[in-house]
Amino acid sequence: VSRVIVDERKLRLFLRQEAARAEVPPDMWQHIARQLNQNEQRPSRTRLWALIAPAIGVCVAASVFWLTVIPVSDHVSPPTSLTMSGDHRLARVSSAPDLPERQQVKPVRYELGPESSLVVSRVQAPSHSPNRMGGFTQ
Amino acid sequence: VAEILPIPLAVDEIAIIERCQSGDPPAFEELFHLYRDDVYRFSYLVVRDATLAQDVVQEAFLKVFKSVGKFQFRSSFKSWLYRVVVNEAITILRRRKLKEDLHPTPGAVTDASDSHSRRWQPEEFALESEERDLLHWAVGQLDPIHRSVVVLKYFHDFSDPEIAAVVGCPPGTVKSRLHRARELLRHAITKQMGRPDLVALSYARIAESPN
């Protein structure tokens, strides 16, 4: 049975042998230089973003306000239901027959060809106007 | 508080650092090439992985270049650089350990798991390669802080005040950390051999060696 002689000299030797196996990658400086360039460009991008971000925020807020708060007139109220079936190629369009104005639902039939139909139903606007998101302003 | 190192900076080194502080790009490259080999070998010995060592060196130099303007020549630049490298190595090792804990890789063999599959027999220690394997495993059992101290001491031949400046602690703490590291090495070797009586005698040489 032999004894293990692990002393300071062997520890030094071991560390040097291990370090000798470590070869410095030749492209390491290129990586660092590239990263340095990116870091230099980042502040300018940050400044640009700082200028653009408030303008984008204002646009988004204005859009939300326009969609949810400002009422929509009756003339542009969207159809509330849309169904399509069969061949979607449009063959002939005919408007629905005139209906009494007090009737709330005005179906309009678009004929798309044999065994095809496109029906658009329009609901008459209530007394107070809806907004563009489907809700109603008070 | 770490002692201020009595090591004077070389004139060339001062000039390069001053050029770095004034934002001269070629000076960064010169500074990198001045310390590249030593820093990479140190990182490799601490993190024990070539890819991780490269990451450590790159991140450390990027941090050094970013904050070189704050260096005031009151201590050794080498110690300041190695402090950044040690911190980066510890950070990367912790990050990797956390990642491995969260997403363990099937079949990945670590030093610890390797130890269970390979049991050294006392007869094998006559071979030099077995001694190297044993030391490799034992050093791998040290935590990054103790491993850094051991590498600085036994590979870079830093003095205790120099190590203290690097790791940011008093020289007395360095002595105790070195002592603790040697104890951990002895314990690891003992555990691996399964014969404490054989290791304790031989290892006393390390434990009693002067700092």
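Residues numbered from 1 in each chain as written. Chains lettered and ligands numbered in written order. Predicted model: local features only at pLDDT ≥ 70, side-chain atom pairs only at ≥ 80, totals over all residues. Heavy atoms only, no water.

### Some points on the overall build of chain A
Part 1: The helix and strand inventory of chain A stands at two helices and four strands.
Part 2: Traced from its N-terminal end to its C-terminal end, chain A shows the element sequence α-α-β-β-β-β.
Part 3: The buried share among the 138 residues of chain A stands at 22%.
Part 4: Residue pairs in contact within chain A that sit at least 24 positions apart in sequence constitute 47% of those at least 6 positions apart. (Helix = DSSP H or I, 4+ residues; strand = E, 2+ residues; numbered from the N terminus. Buried < 20%, exposed > 50% of the residue type's maximum accessible area, 1.4 Å probe, protein only. Contact = heavy atoms within 4.5 Å.)

### Structural notes on unusual backbone geometry
Part 1: Of note in the backbone geometry, Arg48 of chain B takes a positive phi value of approximately 60° without being a glycine.
Part 2: Note on placement: Arg48 of chain B falls in the loop between α2 (25-47) and α3 (50-67).

### Brief notes about the side chain of Arg147 of chain B
Part 1: Turning to its location among the elements, Arg147 of chain B is positioned in helix α7 (residues 144-154).
Part 2: Classification of Arg147 of chain B by relative accessible area gives buried; the value is 5%.

### Regarding the pattern of salt bridges
Part 1: Tallying each qualifying case throughout the model produces eleven salt bridges over all chains.
Part 2: Where Arg12 of chain A meets Asp157 of chain B, a salt bridge forms, and the shortest distance between an N and an O atom there is 2.4 Å. Placement of Arg12 of chain A in helix α1 (residues 8-21) and of Asp157 of chain B in the loop between α7 and α8 (160-167) is noted, with the two residues assigned to different chains.
Part 3: You can call Asp157 of chain B partly exposed: its relative accessible area is 44%.
Part 4: For the salt bridge of Asp24 of chain B with Arg19 of chain B, the shortest nitrogen-to-oxygen distance reads 3.0 Å.
Part 5: Residue classification places Asp24 of chain B among the partly exposed positions, given a relative accessible area of 23%.
Part 6: With a relative accessible area of 28%, Arg19 of chain B lands in the partly exposed category.
Part 7: The structure contains a network of salt bridges with shared partners spanning Glu8, Arg12 and Arg16 of chain A together with Asp157 of chain B. (Salt bridge = Lys/Arg side-chain N within 4 Å of Asp/Glu carboxyl O.)

### Considerations on α1 of chain A
Part 1: Taking 1.5 Å as the rise per residue, α1 of chain A with 14 residues should run 20 Å; its terminal C-alpha atoms sit 20 Å apart, in good agreement.
Part 2: Every buried residue belonging to α1 of chain A is among Glu8, Lys10, Leu11, Arg12, Phe14, Leu15, Glu18 and Ala19 of chain A, and all of these are buried. (Expected span 1.5 Å × (residues − 1).)

### Observations concerning the packing of aromatic side chains
Part 1: For the structure on display, the rule yields twelve aromatic pairs over all chains.
Part 2: Ring centres 5.7 Å apart and planes at 45° place the aromatic pair Tyr35 of chain B and Phe77 of chain B in the tilted group. Of this pair, Tyr35 of chain B sits in helix α2 while Phe77 of chain B sits in helix α4 (residues 77-102), and the two are 42 residues apart along the sequence.
Part 3: By relative accessible area, Phe77 of chain B is classed as buried at 1%.
Part 4: Among the aromatic residues, those joined into a cluster by ring pairs are Trp29 of chain A together with Phe28, Phe32, Phe61 and Phe65 of chain B. (Phe/Tyr/Trp six-rings, centres within 6.5 Å; stacked < 30°, edge-to-face > 60°.)

### Remarks on the packing of α4 of chain B against α7 of chain B
Residue and element names in this part refer to chain B.
Part 1: Taken N-terminus to C-terminus, the directions of α4 and α7 make an angle of 145°; their axes are 10 Å apart at the nearest point. When you trace α4 past α7, the crossing you get is right-handed. On α7, the residues touching Tyr82, Val86, Ile90 and Leu93 of α4 are Pro144, Ile145, Arg147, Ser148 and Leu152.
Part 2: Looking at the contact of α4 with α7 residue by residue, the class counts come to seven nonpolar, one polar and one charged. (Axes fitted to C-alpha atoms, helices over the stretch in contact; angles between N-to-C directions. Left-handed = near helix turned anticlockwise from the far one by under 90°. Nonpolar A, V, L, I, M, F, W, Y, C, P; charged D, E, K, R; others polar.)

### Describing the side chain of Glu162 of chain B
All names here are of chain B.
Part 1: With respect to the helices, strands and loops of the structure, Glu162 is situated in helix α8.
Part 2: Despite its burial, Glu162 pairs with no opposite charge; the closest candidate is Lys78, at 6.0 Å N-O.
Part 3: Within polar-contact distance, the side chain of Glu162 engages the backbone nitrogen of Ser159 at 2.9 Å. (Lys, Arg positive; Asp, Glu negative; His and termini not counted. Polar contact = N/O pair within 3.5 Å; in protein donor to acceptor, adjacent residues only side chain to side chain.)

### Some words on a nonpolar patch on the surface
All names here are of chain A.
Part 1: A grouping of Leu48, Trp49, Leu51, Ile52, Ile56, Val60 and Val64 is seen on the molecular surface, where their side chains present a nonpolar patch of about 700 Å² in accessible area.
Part 2: Looking at the element boundaries, Trp49 is found in helix α2 (residues 28-68).
Part 3: Residue classification places Trp49 among the exposed positions, given a relative accessible area of 52%. (Patch = residues over 30% accessible without salt bridge, like charges linked within 9 Å, V, L, I, M, F, W, Y side chains within 5 Å. Areas by Shrake-Rupley, 256 points an atom, 1.4 Å probe, with all protein chains shown as cover.)

### Remarks on the confidence of the model for chain B
Residues and elements named next belong to chain B.
Part 1: When pLDDT is averaged along chain B, the result is 79, and 74% of the positions lie at 70 or above.
Part 2: Ranking the elements of chain B by mean pLDDT puts helix α5 (residues 111-117) last with 38 and α7 first with 94.
Part 3: Every residue in residues 107-127 scores below 50 in pLDDT, and together they form 36 contacts with partners more than four places removed in sequence or on other chains.
Part 4: When the criterion is pLDDT under 50, residues 200-205 qualifies, and its contacts beyond four places in sequence or with other chains add up to 13 contacts.
Part 5: Interface predicted TM-score (ipTM) for the complex: 0.75; the corresponding pTM is 0.62. (pLDDT = per-residue confidence, 0-100.)

### Topic: the packing of α2 of chain B against α4 of chain B
Residues and elements named next belong to chain B.
Part 1: Axis separation between α2 and α4 bottoms out at 10 Å; the angle between their running directions is 40°. In terms of their interaxial angle, α2 and α4 are classed as oblique. Seen from above, α2 lies across α4 with right-handed handedness. For the pair formed by α2 and α4, the contact residues are Leu31, Tyr35, Asp38, Val39, Phe42, Ser43, Val46 and Val47 on the first element and Phe77, Lys78, Leu81, Tyr82, Val85, Val86, Ala89 and Leu93 on the second.
Part 2: Taken together, the residues of the contact of α2 with α4 sort by class into 13 nonpolar, one polar and two charged. (Parallel < 35°, antiparallel > 145°, perpendicular 65-115°, else oblique.)

### Concerning α4 of chain B
Part 1: The end-to-end C-alpha distance of α4 of chain B is 37 Å, a good match for the 38 Å that 26 residues give at a rise of 1.5 Å each.
Part 2: Capping the start of α4 of chain B, Ser76 of chain B holds a side-chain oxygen 3.1 Å from the backbone nitrogen of Lys78 of chain B, two or three residues further along.

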